[in-house]
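Structural overview for review
If you want the building blocks of each chain, they are given just below.
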Amino acid sequence: MESENIVERLTKYGFDHSNLYTGFKSVGEARKFAEERNGRLVEVGFLDGNDNPVEDSSQNLINENKYYKAFAGPDYRILHSADEGFQDIAEKLKERKNEITEKSPDEKYFSDSDPLLEEDAVIVLFKDEVQEVTSRERSKYLMHTKVYELAVEVPKTSE
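Residues numbered from 1 in each chain as written. Predicted model: local features only at pLDDT ≥ 70, side-chain atom pairs only at ≥ 80, totals over all residues. Heavy atoms only, no water.

**Points about the pattern of salt bridges**
Evaluation of the coordinates by the stated rule reveals 11 salt bridges. Of the charged contacts in the structure, one is a salt bridge between glutamate 153 and arginine 40, with a shortest N-O distance of 2.7 Å. Taken together, the positions of glutamate 153 in strand β9 (residues 146–155) and arginine 40 in strand β3 (residues 40–46) put the pair 113 residues apart, joining distant regions of the chain. The partner of glutamate 149 in a salt bridge is lysine 140, with the nearest N and O atoms 3.7 Å apart. Given a relative accessible area of 0%, lysine 140 falls into the buried group. What emerges from the salt-bridge pattern is a single network uniting Arg136, Glu137, Lys140 and Glu149. (Salt bridge = Lys/Arg side-chain N within 4 Å of Asp/Glu carboxyl O. Helix = DSSP H or I, 4+ residues; strand = E, 2+ residues; numbered from the N terminus. Buried < 20%, exposed > 50% of the residue type's maximum accessible area, 1.4 Å probe, protein only.)

Below, the structure written as structure tokens:
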């Protein structure tokens, strides 16, 4: 069953009466997961620099049909693979990689970014310059970053 593969990929947080799942690849995937498990869509924030989700609907993810947003401060912009402008920057990064020599200091941007650019990546810009390419999961641990995700809360009696 396709849903079982999804469970293996998702991040699960256990609470007293429910389990919370994050890491969905789309709003549709989250909705289907919730329907199949008698769960409900919730918006959560990772606001303290670690992996402790708290219910937070301040970013209107459900209404905007988004499943991820992140903010790191006024000089930073965090672009997720579903955000406008992401693909343009990702293509430029791939082109630049081909121009870089093995000993270039720019190599640090690309050392492990290719797989991330192919998947659900996050590009961190500082004053509109690429600072880092990372994953959604790793973005939770960037200094002062507030990460918001669409999650599904499932009652433990349903699982």
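**Describing the sheet that holds strand β6 (residues 76–80)**
Spatially, three strands are ordered β6-β7-β8 in an open sheet, and the strand pairing comes out antiparallel. Bordering the open sheet on either side are β6 and β8 (129–135), each of which pairs with just one other strand. Between one strand axis and the next, the sheet turns through 20 degrees on average, direction left out of account. The pairing of β6 with strand β7 (residues 121–126) spans five bridges and is antiparallel. For histidine 80, the partnering residue across the bridge sits in β7 and is valine 122. (Pairing = 2+ DSSP bridges. Axes fitted to C-alpha atoms, helices over the stretch in contact; angles between N-to-C directions.)

**Regarding helix α2 (residues 27–36)**
Side chains that are three or four residues apart share a direction in an α-helix, a result of its 3.6 residues per turn. Those residues of α2 not exposed but buried are Val27, Glu29, Ala30, Phe33 and Ala34. Taken around the axis of α2, the buried residues stretch over an arc of 160 degrees, which confines them to a single face. N-capping of α2 is provided by serine 26, with a side-chain oxygen placed 3.5 Å from the backbone N of glycine 28. In the segment just after α2, asparagine 38 is the residue with positive phi, at about 55 degrees. (Arc of directions from axis to C-beta. Polar contact = N/O pair within 3.5 Å; in protein donor to acceptor, adjacent residues only side chain to side chain.)

**Some thoughts on the nonpolar core**
Generally speaking, nonpolar side chains in soluble globular proteins are found buried as a group. Grouped together as the largest cluster of nonpolar side chains are 27 residues, with contacts concentrated most on Phe24, Phe33, Tyr68, Ile78 and Val152. Only β2 (18–22), α2, β3, β5 (68–71), β7 and β9 provide two or more residues apiece to this core. Considering each element in turn, this core owes the most residues, five residues, to β9. Those residues within four positions of valine 152 in sequence are excluded, and the remaining contacts are Asn19, Leu20, Tyr21, Phe24, Ala30, Phe33, Ala34, Gly39, Arg40 and Leu41. Formed by 10 residues, the second largest nonpolar core is a distinct cluster that contains Leu79, Ala90, Ala121 and Val130. (Core = buried A, V, L, I, M, F, W, Y, C linked by side-chain atoms within 4.5 Å. Contact = heavy atoms within 4.5 Å.)

**Let's talk about the environment of glycine 28**
Assignment of secondary structure puts glycine 28 in helix α2. Taking the relative accessible area as the measure of exposure, glycine 28 reaches 45% and is therefore partly exposed. Separated by 37 residues in sequence, glycine 28 and asparagine 65 place their C-alpha atoms 9.0 Å apart.

**Considerations on the packing of aromatic side chains**
Evaluation of the coordinates by the stated rule reveals five aromatic pairs. Between tyrosine 21 and phenylalanine 33, the ring centres sit 5.0 Å apart and the planes meet at 65 degrees, which makes this aromatic pair edge-to-face. Pair noted here: tyrosine 21 is in strand β2 and phenylalanine 33 is in helix α2, with a separation of 12 residues, a long-range link. Judged on exposure class, the residue tyrosine 21 and its partner phenylalanine 33 are both buried. Here the aromatic residues Tyr21, Phe24 and Phe33 are joined through ring pairs into a cluster of three or more. (Phe/Tyr/Trp six-rings, centres within 6.5 Å; stacked < 30°, edge-to-face > 60°.)

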